[in-house]
Amino acid sequence: MKQNMRQWMTDIIQRKEVTALPVMTHPGIEMNGNTVRQAVSNGRVHYEAVQTLTKRYPAVAAATIMDLTTEAEAFGAEIAFSDIAVPAVVGHCLSNAEDINKLEVPSLSQGRIPAYLKANLLAARAITDRPVFAGCIGPYSLAGRLYDMSELMMLIYENPDAAHQLLSKCTMFIKKYCQALKKTGVGGVMMAEPAAGLLSDEDCKTFSSDYVRYIVDEVQSDDFLVILHNCGNTGHCTKAMVSTGAAAYHFGNKCLMEEVIRDVPATALAMGNIDPVSVFKDGTPELMHQTVIDLLEKMRDYPNFVLSSGCDTPPHTPQANVDAFFGALKEWNEQS
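In this report, the structure presented in the accompanying data block is examined. It should be emphasised that the depicted structure is a prediction, and the values quoted were computed from it without experimental measurement.

Cut-offs and rules
- Residues numbered from 1 in each chain as written.
- Predicted model: local features only at pLDDT ≥ 70, side-chain atom pairs only at ≥ 80, totals over all residues.
- Heavy atoms only, no water.
- Helix = DSSP H or I, 4+ residues; strand = E, 2+ residues; numbered from the N terminus.
- Buried < 20%, exposed > 50% of the residue type's maximum accessible area, 1.4 Å probe, protein only.
- Pairing = 2+ DSSP bridges.
- 1 Å grid on protein atoms, 1.4 Å probe; cavity = no way out; pocket = protein on both sides within 12 Å on 5 of 7 lines; lining within 4 Å.
- Points joined across faces, edges and corners; volume = space filled by probe spheres on them.
- Nonpolar A, V, L, I, M, F, W, Y, C, P; charged D, E, K, R; others polar.

## Here's the deal with unusual backbone geometry
Cis geometry is adopted by the peptide bond preceding N273, which originates at G272 and carries an omega value of -20°. Inspection of the secondary structure assignment puts N273 in strand β9 (residues 269–274). Although it is not a glycine, D148 adopts a positive phi angle of roughly 90°. Looking at the element boundaries, D148 is found in the loop between α8 (139–147) and α9 (149–158). Here D148 falls in the partly exposed class, since its relative accessible area comes to 25%. We note that H316 has phi near 70°; this positive angle belongs to a residue other than glycine. Along the chain, the position of H316 falls in the loop between β10 (305–309) and α16 (319–335).

## Some details on the pairing of strand β5 (residues 132–137)
The buried fraction of β5 amounts to six of the six residues, a majority that puts the element mostly inside the structure. Of the two faces of β5, the one holding V132, A134 and C136 and the one holding F133, G135 and I137 are both buried throughout. Summarising the sheet, strand β2 (residues 62–63) and β5 pair through two bridges and their orientation is parallel. Looking at β5, one finds that A62 is bridged to V132. Across five bridges, the pairing between β5 and strand β6 (residues 188–192) is parallel. Directly across from A134, in β6, lies its bridge partner V189.

## Thoughts on the layout of surface pockets
Considered as a void within the structure, the largest pocket measures approximately 380 Å³ in volume. What lines the largest pocket is a set of 23 residues, and nearest its centre among them are M66, L68, V86, C311 and D312. Broken down by class, the residue content of the lining of the largest pocket amounts to 14 nonpolar, five polar and four charged.

## Notes on the environment of C170
Mapped onto the secondary structure, C170 falls in helix α10 (residues 160–183). For C170, a relative accessible area of 0% gives the class buried. Separated by 29 residues in sequence, C170 and S141 place their C-alpha atoms 9.4 Å apart.

Structure follows, in structure tokens:
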């Protein structure tokens, strides 16, 4: 039986203790002796990394890989793979409005979509002590990977109709993918829309949030929540993010958490925002401990705050730093 995810949210807000949901799978991949290439290509290897982290750390939910190339690959984009780095889109597969017009919304059998659906299905079946959140890309970020990010920014001003046509096709695919993820039994999806942070609040609403809102309205329910992640937001487009009606909002380290949380409804979760590179990957356990304590002090008055990384923790993040992240949280909760 599926968990009531709205009740899960309410319980988090009402708890005395602060909870944590860092966006990380790479430490689990490395603990299991696997490569990034294996994890992003093989659903079982992917799931096993998530399961390893779930057994080791008391995160309030499990999260599968945040991969911003999976959906672009399904549309025909060329992807560069590595054993030690996250996949990357090579070039762009659309060059003009005619290409957009010809573009077909792919089926869910394309590329690595089946491998990701398998990973989420295995995780949802095996991890029963907490919800599992799948990952997907947002419409504007996907459009930028298909058309080129700077070219897309020009297109929305020079030919907004073509931009909207592309965004509509991206949105239809993401909606279809989220519906399939929902059927695996996961409790929700973290939608990564970092490119929308390059836009003004008004343009973010028009070219990202209105499309995200459509997906949220179609898939969000008592047993399936949408977490909207935008690490490009410096605080200037939080209102546009909140207009989507997502259940939770995930912020990057470019913004001040104590400021952006003021724009988040008290009934929604606000997650963030320890720097994934300078603190998680390149920092020391001592730096992590102090950074977490400092952030928790600033968030003391916000019961809807969930401690997290500012984005996906990259490959080669030291296990000692992850241990220090959870250790500092435990210490804070015991003393508060």
